[in-house]
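Notes for the structure review
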Amino acid sequence: MTLSIPATLSDSARLFAGKNLLPTALDTAGIRTQIAASVRRQSLFSARTLLEDLLGKYKTGIGDLLAGESDPATARLAIKEYFKSIGVTPSGETGELTDLASDARINLVLKTNVQLAQGAGHLIQQNDPAVLDTFPALELVRFEDRNKPRDWEQRWLEAARDSGDLKAYAALADSGRMVALKNSPIWDSLGSSELFPDGLDNPFPPFAFSSGMWTQDVDWDTAKELGLLDDETEVQPREIDFANLFNTEPA
Amino acid sequence: MSAIQIDIRDNVTVALARMQAGLQPPVVNPAIGTAVKKLFQDHFLALPKNKQGFPSTNFWSGAARATTWQLLAAGVIIRVDQQGVGYQLRGGDLKPGAGKTYLTIPATAAAYGHRAREFNLKFAIVDDNGFQRPALVARRSVASLVTQTQTGKYKHTADAVGEVVFYWLVRSAHKEPNPSVIPSEAEIGSTAATAVQMKIAALLRTGGPS
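Residues numbered from 1 in each chain as written. Chains lettered and ligands numbered in written order. Predicted model: local features only at pLDDT ≥ 70, side-chain atom pairs only at ≥ 80, totals over all residues.

**A look at the overall build of chain B**
Test applied: Strands here mean DSSP runs of E at least two residues long; helices mean DSSP runs of H or I at least four residues long; both are numbered from the N terminus. In this description the radius of gyration comes from C-alpha coordinates, and the expected globular size is given by 2.2 Å times residues to the power 0.38. Whether two residues are in contact depends on their C-beta atoms, placed from the backbone: they are in contact if these lie within 7 Å.
From N to C terminus, chain B includes five helices and eight strands. For chain B, the succession of helices and strands along the chain, N to C, is α-α-α-β-β-α-β-β-β-β-β-β-α. Taken against the 2.2 N^0.38 rule, which gives 17 Å for 210 residues, the C-alpha radius of gyration of chain B at 31 Å runs more than 25% over that of a compact globule. Dimensions along the principal axes, computed over C-alpha positions, put chain B at roughly 140 × 30 × 25 Å. Partitioning the intrachain contacts of chain B with sequence separation of at least 6 by distance along the chain shows that 66% fall at a separation of at least 24.

And the structure:
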């Protein structure tokens, strides 16, 4: 086994590099209602952030994080030093998300954008046609604990009802596991802001702000045990409209 | 009675060709990559949090999200695009960056996961159980001792400074390699082999790529 440093960017890093800066005065709710999800995916924005320089700093920091060339503390420091250079200081309430210069806000912007790019990269890999006959499904699992976790099982059931995926509904009801085929529409419903106000409108994690949930591949035999398919099933790849999903075509 | 001859070679040849096509590296390696990626992710998620017991920065769950597979001409690799994972694995010596004298070691939960420049800290030499150690401290309070002289006047005698050590300063740090931060070669090999078996099972189900 050989260990070395990757010489090329990951899919996540490449996808993020193609994003356009989108200065906006809209708040979070306004962004969600007035800017189409496809535009949001192709853009780097932050609620009430008109400073293009600031967005540029974020883009650099997030890109470096995705490439494994920086760490969250260094990326956050760069943003704080930018604010200091333009004479902006936090209001004093470090936990206030509406304060652009607060630690909480900076951390949220960095973390959310890194994870969205990673989620998009994973979506591409997970739906590789060469993988579907061995790993046809995904499971929603917890990667990080939260002090106040959302009720993801309840959200799963609602998303299953909304999307019409009764097998995914039954999988949870019967096994306690949130598993669905990769091409199930539940993955669109799970992040839908029409269904869940904190949804991010992406078919990949994170499905909501500050979520500790992620998806992992599930093998054929397990999917079969959970009743999602049988040996006659031919699992088709999820249709991914790259033109509207990302700003960059995958390699 | 006429003899009959049934030639099934062509059907077998076609089936074998499809199976062979289905076992080519570009078709098998994504399955291996997927399986080993999950192995790495599960391994990272099971690693213990920081030894000091500070609030977690979610380093290892971040590493799990940063884990992907990539096809190469020679096979498939697993990549973990998160700074620090390599150092945890390989260990080594850390020295201060250009123009700097010290490395910073977090001494309190508030400092963990932050850069020293994020705080308003002062350099100080702190007594640490009899050892005088350089540190970056936050000065929280200053209490002045005032005494009354024999003439009845008051004079300032001393200051007691309330300090919290945020970072201990060291000139270098050494970390031993820790191969247990990633799965063992045996686990990786076993997982890859299982993925190949799963691919064979898939080919038997479907007859291979058309």
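**Remarks on the interface of chain A and chain B**
How we decide: The classification used treats Ala, Val, Leu, Ile, Met, Phe, Trp, Tyr, Cys and Pro as nonpolar, Asp, Glu, Lys and Arg as charged, and all other residues, Gly among them, as polar.
Every contact between the two is made by 34 residues of chain A and, on the other side, 33 residues of chain B. Elements with a contribution of two residues or more to the side of chain A that touches chain B: α1 (11–17), α5 (72–85), α6 (103–126) and β5 (213–218) of chain A. For the side of chain A that touches chain B, the per-class residue count stands at 14 nonpolar, 10 polar and 10 charged.

**Overview of the domain arrangement of chain A**
Where the parts come together, the accessible area they lose is often given as the size of the interface. All names here are of chain A. Cut-off, in case you're wondering: What fixes the domain bounds is an automatic or database domain assignment.
Examined at the domain level, chain A breaks down into domain 1 (9–119) and domain 2 (137–234). In this complex, domain 1 contributes nine residues to the contact, which on the side of domain 2 involves eight residues. Sorting the residues of the side of domain 1 that touches domain 2 by element identifies α3 (37–41) and α6 as the ones contributing at least two each. Split by residue class, the side of domain 1 that touches domain 2 holds three nonpolar, three polar and three charged.

**Section: the packing of α5(A) against α6(A)**
Two quantities define a packed helix pair, namely the angle between the helix axes and the distance between the axes. Residue and element names in this part refer to chain A. Let me state the cut-off plainly: The convention used is that axes are lines fitted to C-alpha atoms, helices contributing only their stretch in contact, and that angles between N-to-C directions extend from 0 to 180 degrees. Note on terminology: angles under 35 degrees are roughly parallel, angles over 145 are roughly antiparallel, angles of 65 to 115 are roughly perpendicular, and the others are oblique. Here a crossing is called left-handed whenever its near helix is offset anticlockwise from the far helix by less than a right angle, and right-handed whenever the offset is clockwise.
Axis separation between α5 and α6 bottoms out at 10 Å; the angle between their running directions is 120°. In this view, α5 runs oblique relative to α6, as classed from their interaxial angle. In this structure, the crossing between α5 and α6 has a hand that is right-handed. Only Asp103, Ile106, Asn107 and Leu110 of α6 make contact with α5, whose side of the interface consists of Pro72, Ala75, Arg76, Ile79 and Lys80. For the contact of α5 with α6, a count of residues per class yields five nonpolar, one polar and three charged.

**Description of the pairing of β5(A)**
Residues and elements named next belong to chain A. Rules: Partly exposed residues are those falling between the two cut-offs: more than 12 but fewer than 20 other C-beta atoms within 10 Å of their own, whereas 20 or more means buried and 12 or fewer means exposed, with C-beta atoms placed from the backbone. Pairing between strands is defined by DSSP: at least two bridges between the two strands are required.
The element β5 is largely enclosed, with a buried count of six among its six residues. Here six bridges tie strand β3 (residues 137–142) to β5, and the two strands are oriented antiparallel to one another. The residue of β5 that forms the bridge with Leu138 is Asp217.

**A word on the sheet that holds β5(A)**
Residues and elements named next belong to chain A. If you walk across this open sheet you meet the three strands as β4-β3-β5, and the pairing is antiparallel. Here the strands that pair on one side only, and so sit at the sheet edges, are β4 (179–181) and β5. Neighbour-to-neighbour, the strand axes of the sheet open up by a mean angle of 30°, direction not taken into account. Sheet analysis places β3 next to β4, joined by three bridges and oriented antiparallel.

**A look at unusual backbone geometry**
Trans is the common state for peptide bonds, and a negative phi is the common state for residues other than glycine. Note the cis peptide between Pro205(A) and Pro206(A), where omega equals 0°. Following the sequence through the fold, Pro206(A) ends up in the loop between α9 (186–189) and β5. Here the phi dihedral of Asn58(B) falls at roughly 60°; this positive angle occurs in a residue that is not glycine. Note on placement: Asn58(B) falls in the loop between α2 (25–46) and α3 (59–65). Of the residues examined, Asn58(B) has 18 C-beta atoms within 10 Å and is grouped as partly exposed.

**Here's the deal with the nonpolar core**
We count it as follows: Note on definitions: a nonpolar core is a set of buried residues drawn from Ala, Val, Leu, Ile, Met, Phe, Trp, Tyr and Cys, linked by C-beta atoms within 7 Å.
One finds Val179(A), Ala180(A) and Ala31(B) to be the most contacted residues of the largest nonpolar core, which totals 55 residues. Ranked by the residues each element gives to this core, the list is headed by α2(B), at eight residues. In contact with Val179(A), not counting residues within four places along its chain, are Ala137(A), Glu139(A), Ala171(A), Val218(A), Ala223(A), Leu226(A) and Leu228(A). Core analysis: the next-biggest nonpolar cluster, separate from the first, contains 23 residues, Leu15(A), Ile62(A), Leu65(A) and Ile106(A) among them.

**Focus: α5(A)**
Residue and element names in this part refer to chain A. Using the following cut-off: A helix is expected to span 1.5 Å for every residue after the first.
For α5, spanning 14 residues, the distance from its first C-alpha to its last is 20 Å, which sits close to the expected 20 Å at 1.5 Å a residue. The secondary structure elements touched by the buried residues of α5 are α4 (52–66) and α6. Positive phi appears at Gly87, one or two residues downstream of α5, with a value of about 80°.

**Quick notes on the confidence of the model for chain A**
Formally: Scored between 0 and 100, pLDDT is the confidence that the predictor attaches to each residue.
In this model, chain A carries an average pLDDT of 86, and 89% of its residues clear a pLDDT of 70 or more. Here residues 247–251 of chain A is a poorly scored stretch, pLDDT under 50, and it has 11 contacts once near neighbours within four places are set aside; other chains count.

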